[in-house]
Amino acid sequence: MVQKIGVLGAGQMGSGIAHVFALKGFEVTLYDIAPAQLEQARSAIGQNLERQVKKGAIPQSLVPETLQRIATTQDFSVLAGCDFCIEAVTENEPLKLEIFAKLDAVVQPGAILASNTSSIPITKIASATRRPEQVIGMHFMNPVPVMTLVEVIRGHATSDATFEVTRELVGKLDKELALSQDYPGFIVNRVLIPMLNEAIFALYEGVASAEDIDRGMKLGTNQPMGPLTLADFIGLDTVLAIANVLYDGFKDPKYRPCTLLVKMVNAGHLGKKSGKGFFSY
């Protein structure tokens, strides 16, 4: 039975994953190399829990209980006692391979190693370990405490037992599972990123303004936000990275990233996190 969860990376996704597991009674160890990031993550989790209280989603008593279940650390070896580890670092393949090799050497033999990657092949990540049958993709949606979907991806060697444990965890988090095979972009980003990229092409080719593209898609297809706004919220560097994974993986020109997207990333206009993307923040 899984009781202790390790989360690697205390950014927006990692802190959100730690939040939802601790809220459901799991003991969580949140690891990051940066102490300031760990402090920021704990503060963000506290604020998000209070937001849930104000919405009537949870009682006030759960806030201190949840925070007490989250231990933060810069010591990788502390993860050794975890039953289930979830990597949620930046979408960088060499970095993920390095982390999984280290995890494999440190974490107990029976533990499952999961990745929150949104596009990098799970089979490739698993190849960095000596336990590929215990490696699986567990892709949460952002913001994690709000979004109900978890995209689960089986690598080439992922065992039925590993999948069943992961499926049970998704259920215990009161989330819904969508199972994907291990192909570039999986389900969500294989469909989403080409749509965002096409919206960027429409702007690049002068079809319409950014405002009108977003208005058209938001009101015309009943989306909660327009594609260019969504790209800004995701981060244009992340959108480009996933687009490149799709393009490299399928060798199909329909996945080629728009030149405008590449130029904006090179200019450091990454969307909301940099203060400027297709819109200003």
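Residues numbered from 1 in each chain as written. Predicted model: local features only at pLDDT ≥ 70, side-chain atom pairs only at ≥ 80, totals over all residues. Heavy atoms only, no water.

A.B. asks: What should I look at first to understand the packing of aromatic side chains in this one?
C.D. replies: The description of two aromatic rings rests on the distance between their centres and on the angle between their planes. Scanning the entire structure with this criterion turns up 5 aromatic pairs. Residues phenylalanine 21 and phenylalanine 26 carry aromatic rings whose centres are separated by 5.3 Å and whose planes lie at 80 degrees to one another, so their mutual orientation is edge-to-face. By the burial criterion, phenylalanine 21 is buried, and phenylalanine 26 matches it. Between phenylalanine 21 and phenylalanine 140, the aromatic rings sit 6.4 Å apart at their centres with planes inclined by 70 degrees, giving edge-to-face as the arrangement. You can see phenylalanine 21 sitting in helix 1 (residues 12-23) and its partner phenylalanine 140 sitting in strand 6 (residues 135-140), a full 119 residues away along the chain. Considered together, phenylalanine 21 and phenylalanine 140 belong to a single accessibility category, that of buried residues. Over the ring of phenylalanine 76 we find lysine 102, and its NZ or CZ is 4.4 Å from the ring centre. (Phe/Tyr/Trp six-rings, centres within 6.5 Å; stacked < 30°, edge-to-face > 60°. Buried < 20%, exposed > 50% of the residue type's maximum accessible area, 1.4 Å probe, protein only. Helix = DSSP H or I, 4+ residues; strand = E, 2+ residues; numbered from the N terminus. Lys NZ or Arg CZ within 6 Å of the ring centre and 35° of its normal.)

A.B. asks: In this structure, what is going on with the nonpolar core? I would like to understand it.
C.D. replies: One recurring pattern in soluble globular proteins is that nonpolar side chains are buried together. Core analysis: the largest hydrophobic core is formed by 37 residues, its most contacted members being Ile5, Phe21, Phe84, Ile86, Met138 and Phe140. Not counting chain neighbours up to four residues away, the residues in contact with phenylalanine 140 comprise Met13, Ile17, Val20, Phe21, Ile86, Asn116, Leu149, Val150, Leu173 and Lys175. Membership of the second largest hydrophobic core comes to 26 residues, among which are Ala243, Leu260, Leu261 and Met264. (Core = buried A, V, L, I, M, F, W, Y, C linked by side-chain atoms within 4.5 Å. Contact = heavy atoms within 4.5 Å.)

A.B. asks: Just checking my understanding: could you explain the layout of surface pockets for this structure?
C.D. replies: In this approach a probe as big as a water molecule rolls over the atoms, and the regions it shows empty are the leftover space. The space that makes up the largest pocket amounts to roughly 1,400 Å³. Looking at the lining of the largest pocket, the elements that each hand over two or more residues are helix 1, strand 6, helix 7 (188-204), helix 9 (227-234) and helix 10 (236-250). Approximately 530 Å³ is the volume attributed to the second largest pocket. Residue lining of the second largest pocket: 19 residues in total, with Gln12, Ala44, Asn48, Arg51 and Pro143 positioned closest to the centre. Counting residues per element, the ones that place at least two in the lining of the second largest pocket are helix 1 and helix 2 (35-54). Element by element, the count of residues in the lining of the second largest pocket is highest for helix 2, at 7 residues. (1 Å grid on protein atoms, 1.4 Å probe; cavity = no way out; pocket = protein on both sides within 12 Å on 5 of 7 lines; lining within 4 Å. Points joined across faces, edges and corners; volume = space filled by probe spheres on them.)

A.B. asks: Looking at this model, I keep getting lost on the domain arrangement of the protein chain. Mind explaining?
C.D. replies: In many reports, interface size means the accessible area that the parts give up when they come together. When its domains are assigned, the protein chain resolves into domain 1 (4-181) and domain 2 (190-274). Each of domain 1 and domain 2 has a C-alpha centre, and the two are 27 Å apart. (Domains from an automatic or database assignment.)

A.B. asks: I'm lost on the environment of glutamine 181 in this one. Help?
C.D. replies: Within the secondary structure layout, glutamine 181 lies in strand 8 (residues 176-181). Glutamine 181 gets classed as partly exposed once you look at its relative accessible area, which sits at 48%. If near-sequence neighbours (up to four positions away) are discounted, glutamine 181 is found in contact with Ile153, Arg154 and Phe186.

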